[in-house]
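Structural characterization, general
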Amino acid sequence: NAGFVNISAPLGTFNLPVPANLTGTGGSGGLNGTLTLDVGSLGTLTLGSLSGPGSASFTESLSVRVRTGDVTISDSIKAHQFQLAADAGSITVSKTGVINASGTKGGTIRLVARKDVVLQGDSGTQTGATLTVAGQSFDSAGKGGLVSLEAGAAALVSGTVLTPAMAAPEQC
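For every chain, the first residue of the written sequence is number 1, and numbering continues from 1 onward in sequence order. For this predicted model, a pLDDT threshold of at least 70 governs which residues receive local features, and a threshold of 80 or more governs which side-chain atom pairs are given and counted, while totals over whole chains, interfaces and linings are taken from all residues. To get the side-chain values, take all heavy atoms of the structure and skip hydrogens and water.

1. A look at the pattern of salt bridges
A side chain of one charge can pair with a side chain of the opposite charge when the charged atoms of the two come close. By definition, a salt bridge exists where a carboxyl oxygen of Asp or Glu is found within 4 Å of a side-chain nitrogen of Lys or Arg. Using the criterion set out here, one finds 3 salt bridges in the structure. Arg67 is the salt-bridge partner of Asp38, the closest N and O atoms lying 2.8 Å from each other. With a gap of 29 residues between them, Asp38 in strand 2 (residues 34-41) and Arg67 in the loop between strand 3 (61-66) and strand 4 (71-73) connect regions that are remote in the sequence. Look at Arg67 and you get partly exposed, because its relative accessible area is 27%. Runs of H or I in DSSP of at least four residues are treated as helices and runs of E of at least two as strands, each being numbered from the N terminus. Burial classes: relative accessible area under 20% of the type maximum marks a residue as buried, over 50% as exposed, and values in between as partly exposed (1.4 Å probe, protein chains only).

Now the structure itself:
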């Protein structure tokens, strides 16, 4: 297994300069890594660069806490367990944003914001933010994946796609 990386800068900004590379790829047959990031602000970091479909890195678990400011996800993130907290701001998953926590067992996506959690979409084109926790099988309790949205306010915009079970994605 790849192991665990914990980065803590609760009063600072985390920037990963390009072309720097932070990887958490598991060995043959092993699990990929777990990354926990606790920062004052996120800077220009694209979360998909740490745990995206083109990255075989921190796809087991990605937990990000941003203490100040808003966070927007407009790229693709792949992590079986994904948690994002905005202590003093909002979280927006844009209409191009994808969070994929699917796997053999359904994964978990948790978005927690002091202000708003917004899942953007476009009803005209039926496209929008995509959150997927689909599992190939259920656990012994009959439970698949879980999506949790916690905020001062929440908004689902027409076109948003939530995939909570074993089926193919469907439009909300």
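2. Comments concerning the nonpolar core
Buried Ala, Val, Leu, Ile, Met, Phe, Trp, Tyr and Cys residues form a nonpolar core when they are joined through side-chain atoms within 4.5 Å. With 30 residues, the main nonpolar core has Leu42, Val64, Phe82, Leu84, Ile99, Ile109 and Leu111 as its most contacted residues. Those elements that provide at least two residues to this core are strand 2, strand 3, strand 4, strand 6 (81-86), strand 7 (91-93) and strand 10 (108-119). By definition in these notes, contact holds between two residues if any of their heavy atoms fall within 4.5 Å. Residues in contact with Ile99, not counting those within four places in the same chain, are Ile73, Ile77, Phe82, Val93, Ile109, Leu111, Thr130, Leu131 and Thr132.

3. Observations concerning the confidence of the model for the chain
Residues with a pLDDT of 70 or more make up 74% of the chain, whose mean pLDDT is 79. Per-residue confidence from the predictor is given as pLDDT, running between 0 and 100. Per-element confidence in the chain is highest for strand 6, whose mean pLDDT is 94, and lowest for strand 16 (residues 161-163), whose mean pLDDT is 55. Low pLDDT, under 50, characterises residues 165-172; the stretch is placed with 20 contacts to residues that sit more than four places away or in other chains.

4. Examining the side chain of Ser90
By secondary structure assignment, the location of Ser90 is in the loop between strand 6 and strand 7. Leave out the neighbours within four places in its chain, and Ser90 touches Gly69, Asp70, Val71, Ala113, Lys115 and Asp116.

5. Focus on the pairing of strand 2
Burial analysis of strand 2 places 6 of its 8 residues in the buried class, which makes it a mostly covered element. At least two bridges found by DSSP between two strands are what make those strands a pair. When strand 1 (residues 4-13) meets strand 2, the two strands line up parallel, connected through 7 bridges. If you follow Ser8 over to strand 2, its bridge partner there is Asp38.

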